[in-house]
Amino acid sequence: MLQRLRFPLVLASALLFLQPGPLHADEVKIDSWDGKRALDVIVDLLRFTPRSMETAGHQKTIDYITAELKKTKFDTITSQRWVAREAGRTMAMTNIIARFNPANPRRVIVATHYDSIIKAYRDSKSPDAPMPGANNSASGVAVLLETARVLSEMTDAPPVGIDMIFFDGEEGPISMGAGDPNFHSIGSPYFTEHLAEFYPKARPEKMLDFDMVCDRDLHLKAEQSGLRSAPAEVKKFWDIGMKIAPGAFEKEAAPYSIEDDHTAFQLAGIPSFVVIDFEYEPFYNTTEDTPDKCSVQSLEAVGRTLLQYLYLP
């Protein structure tokens, strides 16, 4: 996964949005969101490494995600398939879209990417070895799948319909993320170009993107593009997070913008933000991005915050 750090500017208004505020009194049982289960998903996914386009692990990952979703009420599943021709490659691409309560006209997108960096280009010892991607790609998938499981067991559904999207090609056409000077995501822009096919009557209200969220030393800061695109939603999410896991959510915003799958939705005019801890040294895109660098508590901080967020209007 690549984040491009841009606009090195701290906005005073951003700090205002992140001041703690009162939450709704609605009680949501969040303890059933299990970080150990989520970590098991990460371990499972790493069996398919590398998970980049045109590898055997890529299709195995698609099959795994689809099978896990079929165990839940996110069982209205569509595979958006197309062929991308970029960077001298021809690649079969697949976005996975799973819908919960599809009859609800109010839709919220919860998303991540499942493709991984094809090799650990930042590794000082083995730069050509496969990059496991426990944090960078598998953690987002784990958060979504565990959230799908828990929502399916809740007595009452959230007030909004939820579309979970697992994007392909976030790491770019050569699957190198920050190692590709011409990086650009593939799956999320393709989806927004075909938005009307999935939302013929009303566009989704908002989009949340999850990436790199299992770090043992988790420090989540709202980034600038989200504060511009969806300030009220960022405030709501961080207010909840600071109540549930104050050690993981920071009051102060990051001084930069991050480019990820939420970017395409921002460009399409849909309020969107990303939940990410970009500070992941010295493991970022190396062979050391493995499950032992992940934390059950970090996964629960993010997943339980998401669960409560989805039940608030």
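Our structure's up above, just so we're on the same page.
Just so you know, these numbers come straight off a predicted model, no measurement behind them.

Trainee: Looking at this model, I keep getting lost on the pattern of salt bridges. Mind explaining?
Mentor: Should their charged atoms come close, side chains of opposite charge can pair. A complete count under the given rule lists 16 salt bridges for this structure. Between Arg99 and Asp163 there is a salt bridge, with its nearest N and O atoms 3.0 Å apart. Remark: Asp163 occurs in strand E4 (residues 161-167) and Arg99 occurs in strand E2 (residues 89-100); sequence separation between them is 64 residues. For Arg99, a relative accessible area of 18% gives the class buried. Among the residues examined, Asp163 registers a relative accessible area of 0% and is labelled buried.

Trainee: Explanation requested: the packing of aromatic side chains in the structure shown.
Mentor: Remark: the centre distance and the inter-plane angle together describe each pair of aromatic rings, the angle taken between the planes. A complete count under the given rule lists 17 aromatic pairs for this structure. Three or more aromatic residues joined by ring pairs make a cluster, and in this case those are Phe210, Phe237, Trp238, Phe249, Phe273 and Tyr309. In this arrangement the basic side chain of Arg99 is found over the ring face of Tyr199, its NZ or CZ atom lying 5.0 Å from the centre. One cation-aromatic arrangement involves Lys236 over Tyr309; the distance from NZ or CZ to the ring centre is 5.3 Å.

Trainee: Would you mind showing me how to read the pairing of strand E3 (residues 107-113) here?
Mentor: Sheet faces and side chains relate simply in a regular strand, where the side chains alternate between the two faces. In terms of burial, E3 is largely enclosed, as seven of its seven residues are buried. Alternating positions in E3 separate into two faces, Arg107, Ile109, Ala111 and His113 on one and Val108, Val110 and Thr112 on the other, with burial throughout. Taken together, E3, helix H4 (residues 134-153) and E4 constitute a β-α-β crossover, and its handedness is right-handed.

Trainee: Where do I start with H4 in this structure?
Mentor: Along an α-helix, residues three or four apart share an orientation, since each turn contains 3.6 residues. Taking 1.5 Å per residue as the helical rise, H4 with its 20 residues ought to reach 28 Å, and the 26 Å between its terminal C-alpha atoms agrees with that figure. With 19 of 20 residues buried, H4 lies mostly within the body of the structure.

Trainee: Quick question: what am I supposed to make of the nonpolar core here?
Mentor: Across soluble globular proteins, nonpolar side chains show a tendency to be buried alongside one another. Judged by nonpolar contacts, the single largest core of 67 residues is most densely connected at Ile42, Phe166, Phe237 and Trp238. When residues no more than four places from it in sequence are discounted, the contact partners of Phe237 are Leu208, Phe210, Phe249, Phe273, Val275, Val302, Thr305, Leu306 and Tyr309. Of all hydrophobic cores here, the second largest spans 12 residues; its members include Phe191, Phe198, Met207 and Phe265.

Trainee: Looking at this structure, how should I read the packing of H4 against helix H10 (residues 296-311)?
Mentor: In helix packing, the relevant descriptors are the interaxial angle and the interaxial distance, both defined with respect to the helix axes. For the pair H4 and H10, the least separation of the axes is 10 Å and the interaxial angle reads 50 degrees. Taken as axis vectors, H4 and H10 run oblique relative to one another. For the element pair H4 and H10, the recorded crossing hand is right-handed. For the pair H4 and H10, the contacting residues are Ser139, Val143, Thr147, Val150 and Leu151 in the first and Leu299, Val302, Gly303, Leu306, Leu307, Leu310 and Tyr311 in the second.

Trainee: Where do I start with unusual backbone geometry in this structure?
Mentor: Residues apart from glycine generally show negative phi values, whereas peptide bonds are mostly found in trans. With omega at -5 degrees, the peptide bond leading from Thr49 into Pro50 counts as cis. Along the chain, Pro50 falls in the loop between helix H2 (35-46) and helix H3 (56-69). Note that the residue after Glu281, namely Pro282, is joined by a cis bond; omega there is 5 degrees. With a phi close to 125 degrees, Ser137 is a non-glycine residue in the positive phi region.

Rules used throughout
Residues numbered from 1 in each chain as written. Predicted model: local features only at pLDDT ≥ 70, side-chain atom pairs only at ≥ 80, totals over all residues. Heavy atoms only, no water. Salt bridge = Lys/Arg side-chain N within 4 Å of Asp/Glu carboxyl O. Helix = DSSP H or I, 4+ residues; strand = E, 2+ residues; numbered from the N terminus. Buried < 20%, exposed > 50% of the residue type's maximum accessible area, 1.4 Å probe, protein only. Phe/Tyr/Trp six-rings, centres within 6.5 Å; stacked < 30°, edge-to-face > 60°. Lys NZ or Arg CZ within 6 Å of the ring centre and 35° of its normal. Right-handed = clockwise from strand over helix to strand, strands pointing away. Expected span 1.5 Å × (residues − 1). Core = buried A, V, L, I, M, F, W, Y, C linked by side-chain atoms within 4.5 Å. Contact = heavy atoms within 4.5 Å. Axes fitted to C-alpha atoms, helices over the stretch in contact; angles between N-to-C directions. Parallel < 35°, antiparallel > 145°, perpendicular 65-115°, else oblique. Left-handed = near helix turned anticlockwise from the far one by under 90°.

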